[in-house]
Amino acid sequence: MDEFKNKSDEEIIDMVRKGNKDLYTYIIDRYEDKLKRYANYMLRDEHKVNDVVQDSFIKAFINLNGFNIKMIFSSWIYRIVHNEVMNIINKYKNTTYLDINMDYDSNIDIEDEYVKEKLISDTHKCLDKMKPMYREIISLYYLDNKSYEEISDILRIPLGTVAVRLKRAKLIMRKICQTQMN
Amino acid sequence: MSNTNELEINNLIMNKVKSGELKMKPKWYFITGSIISFIGLIGSLFGLIFLTNLTMFIIHKKGPGIGRINSMLESFPIWIPILAVLFIIAGYTLLRRYEFSYKKNRYIIIASIITAILISSLIINLLGLDEIWFKRGPMRNIDWNSNVYKIGKNNNLHRRN
(Lines give C-alpha, C1' and ligand atoms only; values in the text may rest on other atoms or scores of the structure.)
Protein backbone atom coordinates (compact mmCIF):
# COMPACT_ATOMS: atom_id res chain seq x y z
CA MET A 1 0.00 0.00 0.00
CA ASP A 2 3.07 2.27 0.25
CA GLU A 3 2.83 3.01 -3.44
CA PHE A 4 -0.15 5.22 -2.71
CA LYS A 5 1.80 7.44 -0.37
CA ASN A 6 3.45 9.11 -3.34
CA LYS A 7 0.18 9.72 -5.14
CA SER A 8 -1.37 13.15 -5.09
CA ASP A 9 -4.60 13.79 -3.20
CA GLU A 10 -6.49 14.17 -6.44
CA GLU A 11 -5.18 10.85 -7.79
CA ILE A 12 -6.22 9.05 -4.61
CA ILE A 13 -9.65 10.71 -4.68
CA ASP A 14 -10.05 9.57 -8.26
CA MET A 15 -9.28 5.97 -7.25
CA VAL A 16 -11.63 6.16 -4.24
CA ARG A 17 -14.40 7.36 -6.53
CA LYS A 18 -13.72 4.48 -8.90
CA GLY A 19 -14.35 1.99 -6.10
CA ASN A 20 -11.10 1.66 -4.14
CA LYS A 21 -12.71 3.07 -1.00
CA ASP A 22 -10.03 1.79 1.37
CA LEU A 23 -7.68 4.46 0.06
CA TYR A 24 -9.74 7.13 1.78
CA THR A 25 -7.73 6.30 4.89
CA TYR A 26 -4.72 8.02 3.26
CA ILE A 27 -6.72 11.18 2.87
CA ILE A 28 -7.73 11.08 6.53
CA ASP A 29 -4.11 10.47 7.54
CA ARG A 30 -2.88 13.37 5.46
CA TYR A 31 -5.39 15.92 6.62
CA GLU A 32 -6.52 14.99 10.10
CA ASP A 33 -3.82 16.91 11.98
CA LYS A 34 -3.94 19.92 9.69
CA LEU A 35 -7.71 20.18 9.89
CA LYS A 36 -7.73 19.70 13.64
CA ARG A 37 -5.17 22.45 14.03
CA TYR A 38 -7.17 24.77 11.79
CA ALA A 39 -10.44 24.02 13.59
CA ASN A 40 -8.69 24.41 16.92
CA TYR A 41 -7.56 27.94 16.09
CA MET A 42 -11.17 28.79 15.51
CA LEU A 43 -12.96 26.83 18.21
CA ARG A 44 -10.54 26.22 21.08
CA ASP A 45 -12.47 23.18 22.22
CA GLU A 46 -11.04 19.72 21.68
CA HIS A 47 -14.38 17.93 21.66
CA LYS A 48 -15.92 20.30 19.17
CA VAL A 49 -12.77 20.14 17.05
CA ASN A 50 -12.91 16.34 16.92
CA ASP A 51 -16.60 16.42 16.01
CA VAL A 52 -16.03 19.02 13.30
CA VAL A 53 -13.16 17.14 11.71
CA GLN A 54 -14.98 13.81 11.86
CA ASP A 55 -18.14 15.30 10.36
CA SER A 56 -16.08 17.02 7.68
CA PHE A 57 -14.43 13.78 6.59
CA ILE A 58 -17.83 12.10 6.49
CA LYS A 59 -19.37 14.93 4.43
CA ALA A 60 -16.35 14.95 2.13
CA PHE A 61 -16.73 11.22 1.50
CA ILE A 62 -20.47 11.46 0.86
CA ASN A 63 -19.96 14.33 -1.59
CA LEU A 64 -16.77 13.05 -3.16
CA ASN A 65 -18.40 12.75 -6.57
CA GLY A 66 -19.18 16.46 -6.44
CA PHE A 67 -15.50 17.35 -6.15
CA ASN A 68 -13.96 18.66 -9.35
CA ILE A 69 -10.81 16.61 -9.82
CA LYS A 70 -9.15 19.55 -11.62
CA MET A 71 -9.35 21.64 -8.46
CA ILE A 72 -7.18 21.37 -5.36
CA PHE A 73 -8.54 18.84 -2.88
CA SER A 74 -6.87 20.62 0.03
CA SER A 75 -8.92 23.78 -0.54
CA TRP A 76 -12.09 21.73 -0.91
CA ILE A 77 -11.71 19.87 2.40
CA TYR A 78 -10.68 23.07 4.19
CA ARG A 79 -13.81 24.68 2.80
CA ILE A 80 -15.94 21.90 4.30
CA VAL A 81 -14.26 22.37 7.69
CA HIS A 82 -14.70 26.14 7.39
CA ASN A 83 -18.46 25.66 6.88
CA GLU A 84 -18.70 23.28 9.82
CA VAL A 85 -16.73 25.64 12.06
CA MET A 86 -18.88 28.60 11.04
CA ASN A 87 -22.02 26.61 11.84
CA ILE A 88 -20.73 26.01 15.35
CA ILE A 89 -19.58 29.60 15.81
CA ASN A 90 -23.00 30.84 14.70
CA LYS A 91 -24.63 28.38 17.08
CA TYR A 92 -22.72 29.86 20.02
CA LYS A 93 -22.96 33.43 18.88
CA ASN A 94 -23.00 35.03 22.32
CA THR A 95 -19.21 35.04 22.61
CA THR A 96 -17.95 38.61 22.57
CA TYR A 97 -14.88 39.61 20.69
CA LEU A 98 -12.61 42.56 21.17
CA ASP A 99 -13.72 45.19 18.70
CA ILE A 100 -11.06 47.82 18.51
CA ASN A 101 -11.87 51.06 16.73
CA MET A 102 -8.85 51.96 14.77
CA ASP A 103 -7.87 53.93 11.75
CA TYR A 104 -6.39 51.77 9.03
CA ASP A 105 -3.43 53.91 8.12
CA SER A 106 -2.17 52.31 4.94
CA ASN A 107 1.00 54.44 4.92
CA ILE A 108 2.59 52.19 7.50
CA ASP A 109 4.78 49.75 5.62
CA ILE A 110 4.87 46.50 7.59
CA GLU A 111 7.93 44.29 7.24
CA ASP A 112 6.31 41.01 6.30
CA GLU A 113 8.93 38.63 7.62
CA TYR A 114 9.20 40.41 10.96
CA VAL A 115 5.45 40.44 11.30
CA LYS A 116 5.30 36.77 10.42
CA GLU A 117 7.75 35.74 13.14
CA LYS A 118 6.20 38.05 15.68
CA LEU A 119 2.73 36.89 14.87
CA ILE A 120 3.53 33.21 15.18
CA SER A 121 4.86 33.69 18.69
CA ASP A 122 1.98 35.86 19.85
CA THR A 123 -0.79 34.40 17.79
CA HIS A 124 -2.15 31.89 20.23
CA LYS A 125 -2.59 34.50 22.93
CA CYS A 126 -4.28 37.02 20.70
CA LEU A 127 -6.30 34.87 18.33
CA ASP A 128 -9.09 34.17 20.78
CA LYS A 129 -9.86 37.85 21.07
CA MET A 130 -10.32 38.41 17.36
CA LYS A 131 -13.50 38.13 15.39
CA PRO A 132 -13.75 34.78 13.55
CA MET A 133 -13.37 36.35 10.08
CA TYR A 134 -10.01 37.85 11.04
CA ARG A 135 -8.90 34.95 13.22
CA GLU A 136 -9.52 32.56 10.38
CA ILE A 137 -7.53 34.43 7.77
CA ILE A 138 -4.58 34.87 10.13
CA SER A 139 -4.66 31.15 10.94
CA LEU A 140 -4.76 30.14 7.31
CA TYR A 141 -2.02 32.49 6.14
CA TYR A 142 0.46 32.44 9.00
CA LEU A 143 -0.17 29.17 10.75
CA ASP A 144 -1.25 26.88 7.92
CA ASN A 145 0.95 28.66 5.37
CA LYS A 146 -1.82 28.87 2.79
CA SER A 147 -1.35 31.08 -0.23
CA TYR A 148 -3.72 33.92 -1.18
CA GLU A 149 -5.10 31.67 -3.93
CA GLU A 150 -5.83 28.85 -1.52
CA ILE A 151 -7.40 31.19 1.03
CA SER A 152 -9.54 32.62 -1.74
CA ASP A 153 -10.68 29.09 -2.61
CA ILE A 154 -11.33 28.10 0.99
CA LEU A 155 -13.22 31.23 2.05
CA ARG A 156 -14.79 31.81 -1.38
CA ILE A 157 -13.77 35.44 -1.51
CA PRO A 158 -11.92 37.31 -4.27
CA LEU A 159 -8.13 37.64 -4.05
CA GLY A 160 -8.42 41.38 -3.45
CA THR A 161 -10.66 40.76 -0.46
CA VAL A 162 -8.15 38.25 0.91
CA ALA A 163 -5.43 40.91 0.77
CA VAL A 164 -7.58 43.60 2.36
CA ARG A 165 -8.92 41.32 5.09
CA LEU A 166 -5.45 40.03 5.90
CA LYS A 167 -4.11 43.56 6.15
CA ARG A 168 -6.89 44.53 8.53
CA ALA A 169 -6.42 41.35 10.52
CA LYS A 170 -2.73 42.10 10.94
CA LEU A 171 -3.45 45.60 12.19
CA ILE A 172 -6.14 44.40 14.57
CA MET A 173 -3.88 41.61 15.73
CA ARG A 174 -1.08 44.04 16.44
CA LYS A 175 -3.41 46.32 18.33
CA ILE A 176 -4.75 43.46 20.42
CA CYS A 177 -1.28 42.14 21.16
CA GLN A 178 -0.05 45.57 22.14
CA THR A 179 -3.04 46.07 24.42
CA GLN A 180 -2.41 42.66 25.92
CA MET A 181 1.27 43.41 26.59
CA ASN A 182 0.44 46.74 28.19
CA MET B 1 -4.44 15.93 19.93
CA SER B 2 -3.59 12.41 20.91
CA ASN B 3 -2.73 9.55 18.58
CA THR B 4 -5.61 7.62 20.09
CA ASN B 5 -8.00 10.26 18.81
CA GLU B 6 -6.46 10.15 15.37
CA LEU B 7 -6.79 6.39 15.22
CA GLU B 8 -10.32 6.62 16.52
CA ILE B 9 -11.44 9.06 13.85
CA ASN B 10 -9.70 7.17 11.06
CA ASN B 11 -11.01 3.78 12.23
CA LEU B 12 -14.49 5.08 12.88
CA ILE B 13 -14.84 6.60 9.43
CA MET B 14 -13.19 3.70 7.61
CA ASN B 15 -15.40 1.17 9.43
CA LYS B 16 -18.44 3.10 8.29
CA VAL B 17 -17.08 3.25 4.75
CA LYS B 18 -16.30 -0.47 4.63
CA SER B 19 -19.60 -1.52 6.18
CA GLY B 20 -21.47 0.53 3.60
CA GLU B 21 -22.99 2.80 6.23
CA LEU B 22 -21.33 5.72 4.46
CA LYS B 23 -22.16 5.94 0.80
CA MET B 24 -21.11 8.45 -1.82
CA LYS B 25 -23.87 10.37 -3.52
CA PRO B 26 -23.94 9.29 -7.17
CA LYS B 27 -22.53 11.46 -9.94
CA TRP B 28 -25.93 12.05 -11.51
CA TYR B 29 -27.05 13.76 -8.30
CA PHE B 30 -24.44 16.50 -8.77
CA ILE B 31 -24.90 16.69 -12.53
CA THR B 32 -28.67 17.13 -12.12
CA GLY B 33 -28.11 19.78 -9.43
CA SER B 34 -25.76 21.72 -11.70
CA ILE B 35 -28.16 21.51 -14.66
CA ILE B 36 -31.12 22.68 -12.56
CA SER B 37 -29.09 25.57 -11.12
CA PHE B 38 -27.95 26.56 -14.59
CA ILE B 39 -31.48 26.44 -15.99
CA GLY B 40 -32.65 28.52 -13.02
CA LEU B 41 -29.95 31.07 -13.69
CA ILE B 42 -30.76 31.32 -17.39
CA GLY B 43 -34.49 31.46 -16.57
CA SER B 44 -33.88 34.30 -14.13
CA LEU B 45 -31.94 36.22 -16.76
CA PHE B 46 -34.63 35.73 -19.41
CA GLY B 47 -37.31 36.70 -16.90
CA LEU B 48 -35.42 39.85 -16.03
CA ILE B 49 -34.92 40.78 -19.69
CA PHE B 50 -38.61 40.25 -20.35
CA LEU B 51 -39.75 42.31 -17.38
CA THR B 52 -37.30 45.12 -18.05
CA ASN B 53 -38.39 45.22 -21.64
CA LEU B 54 -42.02 45.29 -20.57
CA THR B 55 -41.28 48.29 -18.36
CA MET B 56 -39.48 50.03 -21.24
CA PHE B 57 -42.38 49.22 -23.52
CA ILE B 58 -44.90 50.81 -21.18
CA ILE B 59 -42.77 53.90 -20.64
CA HIS B 60 -42.14 54.16 -24.37
CA LYS B 61 -45.83 53.93 -25.20
CA LYS B 62 -46.87 56.20 -22.40
CA GLY B 63 -44.14 58.77 -22.93
CA PRO B 64 -42.71 61.02 -20.27
CA GLY B 65 -44.38 64.24 -19.16
CA ILE B 66 -45.04 66.09 -15.92
CA GLY B 67 -48.77 66.10 -16.38
CA ARG B 68 -48.80 62.38 -16.81
CA ILE B 69 -47.01 61.47 -13.64
CA ASN B 70 -50.21 60.63 -11.80
CA SER B 71 -51.55 58.48 -14.58
CA MET B 72 -48.15 56.84 -14.95
CA LEU B 73 -48.01 56.04 -11.26
CA GLU B 74 -51.59 54.83 -11.38
CA SER B 75 -50.92 52.32 -14.09
CA PHE B 76 -47.25 51.60 -13.52
CA PRO B 77 -46.84 47.90 -12.80
CA ILE B 78 -45.04 48.08 -9.46
CA TRP B 79 -44.77 44.29 -9.40
CA ILE B 80 -42.32 44.44 -12.28
CA PRO B 81 -39.43 46.15 -10.46
CA ILE B 82 -40.23 44.12 -7.32
CA LEU B 83 -40.04 40.91 -9.33
CA ALA B 84 -36.91 42.17 -11.05
CA VAL B 85 -35.19 42.75 -7.70
CA LEU B 86 -36.28 39.29 -6.53
CA PHE B 87 -34.88 37.80 -9.74
CA ILE B 88 -31.58 39.61 -9.21
CA ILE B 89 -31.34 38.23 -5.67
CA ALA B 90 -32.26 34.72 -6.86
CA GLY B 91 -29.81 34.96 -9.77
CA TYR B 92 -27.01 36.15 -7.52
CA THR B 93 -27.71 33.36 -5.03
CA LEU B 94 -27.54 30.84 -7.85
CA LEU B 95 -24.42 32.46 -9.22
CA ARG B 96 -22.63 32.08 -5.91
CA ARG B 97 -23.00 28.36 -6.27
CA TYR B 98 -20.68 28.41 -9.22
CA GLU B 99 -17.01 27.97 -8.58
CA PHE B 100 -15.91 30.96 -10.60
CA SER B 101 -18.16 33.60 -9.09
CA TYR B 102 -16.09 34.31 -5.96
CA LYS B 103 -12.94 34.75 -8.00
CA LYS B 104 -14.42 37.83 -9.65
CA ASN B 105 -15.53 41.03 -8.04
CA ARG B 106 -19.19 40.52 -7.14
CA TYR B 107 -20.04 44.14 -7.95
CA ILE B 108 -18.63 43.71 -11.45
CA ILE B 109 -20.73 40.54 -11.87
CA ILE B 110 -23.92 42.32 -10.74
CA ALA B 111 -23.13 45.40 -12.86
CA SER B 112 -22.47 43.17 -15.89
CA ILE B 113 -25.77 41.34 -15.41
CA ILE B 114 -27.74 44.58 -15.09
CA THR B 115 -25.95 46.11 -18.11
CA ALA B 116 -26.57 42.99 -20.20
CA ILE B 117 -30.26 43.03 -19.23
CA LEU B 118 -30.68 46.73 -20.05
CA ILE B 119 -28.87 46.40 -23.38
CA SER B 120 -30.87 43.30 -24.35
CA SER B 121 -34.12 45.03 -23.40
CA LEU B 122 -33.15 48.13 -25.35
CA ILE B 123 -32.28 46.08 -28.43
CA ILE B 124 -35.61 44.24 -28.21
CA ASN B 125 -37.32 47.60 -27.88
CA LEU B 126 -35.46 49.16 -30.82
CA LEU B 127 -36.11 46.16 -33.06
CA GLY B 128 -39.80 46.37 -32.24
CA LEU B 129 -39.91 42.79 -30.99
CA ASP B 130 -41.98 43.88 -28.00
CA GLU B 131 -44.69 45.11 -30.36
CA ILE B 132 -44.80 41.65 -31.90
CA TRP B 133 -44.83 40.05 -28.45
CA PHE B 134 -47.68 42.33 -27.49
CA LYS B 135 -49.73 41.21 -30.44
CA ARG B 136 -48.86 37.56 -30.63
CA GLY B 137 -46.17 36.74 -28.11
CA PRO B 138 -45.92 36.35 -24.36
CA MET B 139 -47.43 39.79 -23.62
CA ARG B 140 -50.69 39.21 -25.47
CA ASN B 141 -52.55 37.97 -22.41
CA ILE B 142 -51.59 40.85 -20.18
CA ASP B 143 -54.60 42.74 -18.94
CA TRP B 144 -54.21 46.36 -19.90
CA ASN B 145 -57.35 47.38 -18.14
CA SER B 146 -56.07 50.74 -17.01
CA ASN B 147 -57.31 54.24 -17.75
CA VAL B 148 -54.23 54.92 -19.81
CA TYR B 149 -54.29 52.28 -22.50
CA LYS B 150 -56.77 50.82 -24.86
CA ILE B 151 -56.41 48.33 -27.63
CA GLY B 152 -57.39 49.52 -31.06
CA LYS B 153 -59.28 47.63 -33.75
CA ASN B 154 -56.11 46.51 -35.42
CA ASN B 155 -54.76 45.32 -32.10
CA ASN B 156 -52.45 48.32 -31.72
CA LEU B 157 -51.85 50.02 -28.44
CA HIS B 158 -53.34 53.53 -28.14
CA ARG B 159 -53.52 56.07 -25.40
CA ARG B 160 -56.99 56.88 -24.19
CA ASN B 161 -57.91 60.49 -24.86
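Now for a look at the structure at hand.

Scoring rules and cut-offs
Residues numbered from 1 in each chain as written. Chains lettered and ligands numbered in written order. Predicted model: local features only at pLDDT ≥ 70, side-chain atom pairs only at ≥ 80, totals over all residues. Heavy atoms only, no water. Helix = DSSP H or I, 4+ residues; strand = E, 2+ residues; numbered from the N terminus. Buried < 20%, exposed > 50% of the residue type's maximum accessible area, 1.4 Å probe, protein only. Areas by Shrake-Rupley, 256 points an atom, 1.4 Å probe, with all protein chains shown as cover. Contact = heavy atoms within 4.5 Å. Salt bridge = Lys/Arg side-chain N within 4 Å of Asp/Glu carboxyl O. Buried area = accessible area lost by both parts, 1.4 Å probe. Polar contact = N/O pair within 3.5 Å; in protein donor to acceptor, adjacent residues only side chain to side chain. Nonpolar A, V, L, I, M, F, W, Y, C, P; charged D, E, K, R; others polar. Phe/Tyr/Trp six-rings, centres within 6.5 Å; stacked < 30°, edge-to-face > 60°. Expected span 1.5 Å × (residues − 1). Bend = angle between axes of the 7 residues up to and from the residue. Core = buried A, V, L, I, M, F, W, Y, C linked by side-chain atoms within 4.5 Å. Domains from an automatic or database assignment. Axes fitted to C-alpha atoms, helices over the stretch in contact; angles between N-to-C directions. Left-handed = near helix turned anticlockwise from the far one by under 90°.

### Concerning the overall build of chain A
Assigned secondary structure in chain A consists of eight helices and zero strands. Reading the helices (α) and strands (β) of chain A from amino to carboxyl end gives α-α-α-α-α-α-α-α. The proportion of buried residues among the 182 residues of chain A is 48%. As displayed, chain A offers around 9500 Å² of accessible surface, 46% of which is attributable to carbon and sulfur atoms.

### Some remarks on the overall build of chain B
Within chain B one finds six helices and two strands. For chain B, the sequential pattern of α-helices and β-strands runs α-α-α-α-α-α-β-β. Looking at the 161 residues of chain B, the share that counts as buried comes to 33%. Pairs at least 24 residues apart make up 62% of the contacts formed inside chain B by residues separated by at least 6 positions. For chain B, the exposed surface amounts to about 10600 Å²; the carbon and sulfur share of it is 64%.

### Points about the pattern of salt bridges
Residues and elements named next belong to chain A. Following the criterion strictly, the structure yields seven salt bridges over all chains and no others. D14 is the salt-bridge partner of K18, the closest N and O atoms lying 3.0 Å from each other. Using a relative accessible area of 68% as the deciding quantity, one classes K18 as exposed. By relative accessible area, D14 is classed as partly exposed at 27%. With its nearest N and O atoms 4.0 Å apart, the salt bridge here joins D45 to K48. Residue classification places D45 among the partly exposed residues on the basis of a relative accessible area of 26%. Residue K48 is classed as partly exposed on the basis of its relative accessible area, which comes to 24%.

### Remarks on the interface of chain B and chain A
With 22 residues of chain B in contact, the opposing surface of chain A contributes 31 residues. Of the roughly 2700 Å² buried between chain B and chain A on both sides combined, carbon and sulfur atoms contribute 62%. Joining chain B to chain A, the criterion identifies zero salt bridges. Run the count over chain B and chain A and you get five residue pairs in polar contact (both at pLDDT 80 or more). Of all the elements in the fold, those that place two or more residues in the side of chain B that touches chain A are α1 (3–19) and α2 (27–62) of chain B. Among the elements that make up the side of chain B that touches chain A, the one with the highest residue count is α1 of chain B (ten residues). When the residues that make up the side of chain B that touches chain A are grouped by side-chain class, the tally is eleven nonpolar, two polar and nine charged.

### Considerations on the packing of aromatic side chains
All names here are of chain A. One pass over the structure, following the stated rule, counts ten aromatic pairs over all chains. When the ring of Y38 is compared with that of Y78, the centres are 5.2 Å apart and the planes differ by 45 degrees; the resulting orientation is tilted. Taken as a pair, Y38 in helix α2 (residues 24–43) and Y78 in helix α4 (residues 73–91) lie far apart in primary sequence, 40 residues in all. The burial state of Y38 is the same as that of Y78; both residues are buried.

### Thoughts on unusual backbone geometry
Residue and element names in this part refer to chain A. For R44, which is not glycine, the phi torsion reads 55 degrees and is therefore positive. Here R44 falls in the partly exposed class, since its relative accessible area comes to 32%. Positive phi, normally seen in glycine, also occurs at N145, with a value near 55 degrees. Looking at the element boundaries, N145 is found in the loop between α6 (132–143) and α7 (148–155). In this structure N145 comes out as exposed when scored by relative accessible area, which is 55%.

### Description of helix α3 (residues 46–62) of chain A
Helix length check: α3 of chain A, at 17 residues, gives a terminal C-alpha distance of 24 Å against a target of 24 Å (1.5 Å per residue), a fit within 8%. With a side-chain oxygen positioned 3.0 Å from the backbone nitrogen of H47 of chain A, the residue opening α3 of chain A is D45 of chain A.

### Side note on α2 of chain A
Along an α-helix, residues three or four positions apart point the same way, because every turn accommodates 3.6 residues. Y31 of chain A marks where α2 of chain A bends most, by close to 45 degrees. Positive phi shows up at R44 of chain A, right after α2 of chain A, with a value of about 55 degrees.

### Remarks on the nonpolar core
Among the nonpolar cores identified, the biggest contains 62 residues, and Y24, F57, L64, F73 and M130 of chain A together with I13 of chain B are the most heavily contacted of them. The dominant element in this core, judged by the number of residues it contributes, is α2 of chain A, at eleven residues. Lining this core are residues from two domains, each supplying at least three of them: domain 1 (1–94) and domain 2 (98–182) of chain A. Those residues within four positions of F73 of chain A in sequence are excluded, and the remaining contacts are D9, E10, I13, I27, Y31, L64 and F67 of chain A.

### A short note on the packing of α2 of chain A against α4 of chain A
All names here are of chain A. Two numbers describe how α2 lies on α4: the axes approach to 10 Å, and their chain directions differ by 35 degrees. Pair α2 / α4 crosses with right-handed handedness. Within the contact between the two elements, α2 uses I27, Y31, K34, L35, Y38, A39, M42 and L43 and α4 uses F73, S74, I77, Y78, V81, H82, V85, M86, I88 and I89. Taken together, the residues of the contact of α2 with α4 sort by class into 15 nonpolar, two polar and one charged.

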